[in-house]
Amino acid sequence: MSRKVALITGITGQDGSYLARLLLEKGYEVHGIKRRSSLFNTGRVDDLYEGPQAPDRSFFLHYGDMTDSSNLLRVMQEVQPDEVYNLAAQSHVAVSFESPEYTADVTAMGTLRLLEAIRILRLESKTRFYQASTSELFGKVQEIPQKETTPFYPRSPYAVAKLYAYWICVNYREAYGMFACNGILFNHESPVRGETFVTRKITRALARIKLGLQDRLYLGNMNALRDWGHTQDYVRMQWLMLQQDEPKDYVIATGVQHSVREFVEAAASKLDMRLDWRGSGVDEKGYDADSGACIVAVDPRYYRPTEVETLLGDATRAKEELGWEPEISFDEMVEEMASEDLREAQREKLCLGNGFEVPLCHE
Ligand code: NDP
Ligand code: GDR
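Residues numbered from 1 in each chain as written. Chains lettered and ligands numbered in written order. Predicted model: local features only at pLDDT ≥ 70, side-chain atom pairs only at ≥ 80, totals over all residues.

Engineer: What is the right way to read the confidence of the model for the protein from this model?
Structural biologist: Per-residue pLDDT for the protein has a mean of 95; in total, 96% of the residues score no lower than 70. For this predicted complex, the interface score ipTM comes out at 0.99, alongside a pTM of 0.97. (pLDDT = per-residue confidence, 0-100.)

Have a look at this one:
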């Protein structure tokens, strides 16, 4: 039997890199779309790369962009995928307030462009479609915990764009009989989580503070509550959804909630650090360099114009129908992220100690 072919948009992102590995392990031929960039942007999948001359390749990257319909059409035509995983998005909620139109173009219209490419090429009966939907759809929550039937109330340009993507996916399923599914995923993290999402920002900053590379951590709303899981568990569910007899939408969550503040405490405990909490408006005078504790301060610049205060998922449908359960606990996830970031900080310190410059990421 010939191997299955998958196309992943957003393959260079956190989820894309985990999903690509999972599908390769399952024997798929994996194609991904990467954006042209002036710097290398394939760090998360570089170890999967096979040179164009390699025999029997199973991993392929194509230049493309979710804003470019003709490109998506051409890639789709070339690849003729059995499964499409639409993970590409301008995925940062805070950034979506600054670039709302671009966010809508990539995240909402990009989904439509992909679905249209499948339809134009008459691949509806062959190609199954996974849409990366989100707990941000629930926004100002109408019910606790949130499940598939909970009403949506998006609270950011990102969430509004994802609302369009969710419904266009449902519409193409109903209108054209496409096998299209929404995975309504709650926050999921890993050591390769983008550095400006709060969990990674915390583990990275604490590790750097521990090694004297940074003096404090500034955060926004520390009372926000999230249902955080591990990406490895969540990409397994993305694949499972496309292996069913009928297309359906599923909530994926752990059912356990923590605040941002609790995440900081958990990470500090893994790194054996004492915390010194400060309010907003902390200036140099308030900084006690000898306290030996890790200073965490509030900077209102990280507040969002409209916030999602609390999210807690109920993944009963996924458990009952697909037998899915998260396997990695919150504690194990924080431990893995903190220790990876400590290793990263040690590398950074070693480089600096030997006179090498290290490129820094800016929030
Ligand atoms: P990331 O931000 O890590 O990855 C986003 C990916 O989309 C990157 O590969 C990025 O490319 C790509 N991308 C962005 N803009 C474009 C564009 N214009 N054209 C082509 N590709 C583009 O997100 P995650 O991996 O964390 O999330 C994957 C998906 O799941 C996203 O759609 C996100 O909104 C959604 N989601 C994520 C959750 C989470 O907690 N992680 C929860 C629920 C939903 P580049 O690397 O070049 O920037
Ligand atoms: P979120 O994730 O908005 O839930 O979207 P993020 O980690 O950015 O924020 C979580 C919560 O932490 C609060 N917060 C901060 N957030 C950031 N980024 N930086 C800070 O300094 C900070 N301080 C406090 C936020 O206000 C928020 O309440 C993620 C993305 O992956 C989306 O693509 C995805 O759809 C959802 O998760 C589910």
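Once you've had a look at it, read on.
Engineer: Got a minute to help me understand helix α8 (residues 260-270) in this structure?
Structural biologist: Because the α-helix completes a turn every 3.6 residues, residues three or four places apart line up on one side. For α8, the complete set of buried residues consists of Phe263, Val264, Ala266, Ala267, Ala268 and Lys270. The elements touched by buried residues of α8 are α6 (198-210), β12 (258-259), β13 (275-280), β14 (294-298) and α10 (330-353). At the C-terminal side of α8, Asp272 shows a positive phi close to 60 degrees. (Buried ≥ 20, exposed ≤ 12 C-beta atoms within 10 Å, placed from the backbone. Helix = DSSP H or I, 4+ residues; strand = E, 2+ residues; numbered from the N terminus. Contact = placed C-beta atoms within 7 Å.)

Engineer: Can you help me understand the site of ligand 1 in this one?
Structural biologist: Residues in close proximity to ligand 1 total 25 residues, the closest being Gly10, Gly13, Asp15, Ala89 and Ala132. Elements supplying a minimum of two residues to the shell around ligand 1: α1 (14-25) and β5 (128-134). The element contributing the most residues to the shell around ligand 1 is α1, with 3 residues. A class-by-class count of the residues in the shell around ligand 1 yields 8 nonpolar, 14 polar and 3 charged. (Near = placed C-beta within 6 Å. Nonpolar A, V, L, I, M, F, W, Y, C, P; charged D, E, K, R; others polar.)

Engineer: In this structure, what is going on with the domain arrangement of the protein? I would like to understand it.
Structural biologist: The extent of an interface is frequently quoted as the accessible surface area lost upon association of the parts. What the domain assignment lists for the protein is domain 1 (5-185) and domain 2 (198-225 + 258-307 + 330-354). A C-alpha centroid distance of 31 Å is found between domain 1 and domain 2. Counting residues at the interface gives 5 residues for domain 1 and 4 residues for domain 2. When its residues are assigned to classes, the side of domain 1 that touches domain 2 shows 3 nonpolar, 1 polar and 1 charged. (Domains from an automatic or database assignment.)

Engineer: For this particular structure, what's the right way to read the nonpolar core?
Structural biologist: Side chains of a nonpolar character, in soluble globular proteins, are inclined to be buried together. Membership of the largest hydrophobic core comes to 66 residues, with the highest contact counts inside it found for Ala6, Ile8, Phe129 and Ile252. The contacts of Ile252, once residues within four sequence positions are left out, are Gly183, Ile184, Leu185, Phe186, Tyr234, Met237, Ala315 and Ala318. With 23 residues, the next largest nonpolar core counts Ala207, Leu217, Val296 and Met333 among its residues. (Core = buried A, V, L, I, M, F, W, Y, C linked by C-beta atoms within 7 Å.)

Engineer: Would you take a moment to explain the site of ligand 2 for this structure?
Structural biologist: Neighbouring ligand 2 are 22 residues, the closest being Val93, Thr134, Val198, Gly220 and Ala224. At the level of secondary structure, the elements contributing two or more residues to the shell around ligand 2 comprise α3 (93-98) and α6. Taken together, the residues of the shell around ligand 2 break down into 10 nonpolar, 7 polar and 5 charged. Formed jointly, the shell around ligand 2 draws a minimum of three residues from each of two domains, domain 1 (5-185) and domain 2 (198-225 + 258-307 + 330-354).

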